[in-house]
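# An overview of the molecular structure
The chain contents come next:
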Amino acid sequence: MDVAEFCERYAVERKGTNSLKWDALDERFGDPDLIAAWVADMEFKAPEAVLDALQKRIAHGVFGYSFVPDSFYEAFINWEKQHHGYEVKKEWMRFSTGVVTALYWFINAYTKPREAVMIVTPVYYPFHNAVKDTDRKLVTCELVNDNGFYHIDFDAFEKSIIDNDVKLFIQCSPHNPVGRVWTEEELVKVLSICKKHGVLVVSDEIHQDLTMEGHKHIPSAIVCDGEFADRLITVTAPSKTFNLAGLLFSQIIIEDEQLRTQFDEYVKTVNQTEVNILGLTAAEAAYRHGQEWLDGLLAVIKHNYEHVKQHLHDAAPEIIISPLEGTYLIWLDLRNVIDPEKTKEFIQDRCRIAVDFGEWFGPEGKGFIRLNMATEPRFVELAVENILSNLGR
């Protein structure tokens, strides 16, 4: 399916639908008329198979307590094996209403107040919040920025763990916002350091299906034939892949029995709800029948990214665009063209774009912005046009 066909079939107007991305612009940015390029969801309908499954469930008319059927486990396990080479077992799986909620659970289940939890920055800002909100010590290790390409300083990473007696590391794989798909070599180094120092790893792999050509997501749980899986928790969801965030359904994978028991003992103190039946229904349909839709989406993301890259490179080569290996979020360094203190004034007030500002992801992100590519090309084209026309003033 090409870009034009995908957009014709699935693009939809979201204004007036209680959309956080579009209808909360006034509340979040103080201006209701911006181009919404911030929060990570899409202007595209879910796959037809998802809508059909939901409509069938709704037609039944009953939304009582439900459990996770074997058919869902089969669909998800097959997806993981076929797409990522990860053979998940049913007994390893748990569920939450979202990845961010799960992060809070993990921190509370596996660490104590004021113990150290580490992240590598710039990184998705709820990682920061989850650590601070739970009264843990936030330890950050800054990624090395090599002209827009980011990598981990493994010596600094290990030193941060030792100096702060880190108990838990939250990994973002693929990494939001810098767009990295970590290589197996990088994952081996990170996981080896964590194992050496007894650090539990939580790997947020929600963007696992959203990788660009030439880059392959490797689940941390299968690195070195699963050598690190006994001190590792994986959390993922269909929400980013298939635009289902509002249905509140995500998967947790815990291979180690002792870690599962510890998790279960904690979670029963804070969560006594059953799974969201509509989220479950949508997820199963997506994992069974969503491949063609996903292929079309990836074509749109690539098209939009190439448009940004080409036009900014030609007209404003001083803007540094981090290579998009994974996710649908691009990271732009505007510091060579705009005073970092004036990023909001330029991007929001003059260019009329609502973005995730770089400093939200860590102080080293000041002067950067994150732009969402999972949208209709017309929005991306207008955003680029506005940036270039205002740079020329």
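Throughout what follows, the structure given in this document is the object of discussion. (Residues numbered from 1 in each chain as written. Predicted model: local features only at pLDDT ≥ 70, side-chain atom pairs only at ≥ 80, totals over all residues. Heavy atoms only, no water.)

### Quick look at helix 4 (residues 48-60)
Put simply, the test is: Helical segments are the DSSP runs of H or I of at least four residues, strand segments are the runs of E of at least two, and each set is numbered from the N terminus. One less than the number of residues in a helix, times 1.5 Å, gives the span that helix is expected to have.
With 13 residues, helix 4 ought to run about 18 Å at 1.5 Å a step, and its terminal C-alpha atoms sit 18 Å apart, in line with that. Positive backbone phi, approximately 85°, marks Gly61, located one or two places after helix 4.

### Considerations on the pairing of strand 8 (residues 200-204)
Where we set the bar: Throughout, exposure labels follow a simple rule: accessible area from a 1.4 Å probe, protein chains only, divided by the maximum for the residue type, with under 20% read as buried, over 50% as exposed, and the rest as partly exposed. For two strands to be treated as a pair, DSSP must find no fewer than two bridges joining them.
Burial analysis of strand 8 places 5 of its 5 residues in the buried class, which makes it a mostly covered element. Where burial is concerned, the two faces of strand 8 agree: the one with Leu200, Val202 and Asp204 and the one with Val201 and Ser203 are both buried. Relative to strand 8, strand 7 (residues 166-172) runs parallel, the two being bridged by 5 bridges. In the strand pairing of strand 8, Phe169 is matched with Val201. Two elements, strand 8 and strand 9 (residues 232-236), share 4 bridges in a ladder whose sense is parallel. Residue Val201 lies in a different strand from strand 9, and its bridge partner there is Leu232.

### A look at the packing of aromatic side chains
Definition in use: Aromatic contacts are taken between Phe, Tyr and Trp rings whose centres are within 6.5 Å, Trp giving its six-membered ring; a plane angle under 30 degrees counts as stacked, one over 60 as edge-to-face, and the others as tilted.
Following the criterion strictly, the structure yields 30 aromatic pairs and no others. Ring centres of Tyr125 and Trp360 lie 5.5 Å apart, and the angle between their planes is 90°; this geometry places the pair in the edge-to-face category. With Tyr125 in helix 7 (residues 125-133) and Trp360 in the loop between strand 14 (356-357) and strand 15 (368-372), the pair connects residues that are 235 residues apart, well separated along the chain. A relative accessible area of 32% places Trp360 in the partly exposed class.

### A few points about helix 7
We apply this condition: Contacts are residue-level and defined by heavy atoms, with any inter-residue pair within 4.5 Å sufficient.
When helix 7 is considered as a whole, its buried residues turn out to be Pro126, Phe127, His128, Ala130 and Val131. Here the buried face of helix 7 lies against helix 6 (99-110), strand 3 (116-121), strand 4 (137-142), strand 7 and strand 8. Following helix 7 by one or two positions, Asp135 has its phi on the positive side, about 60°.

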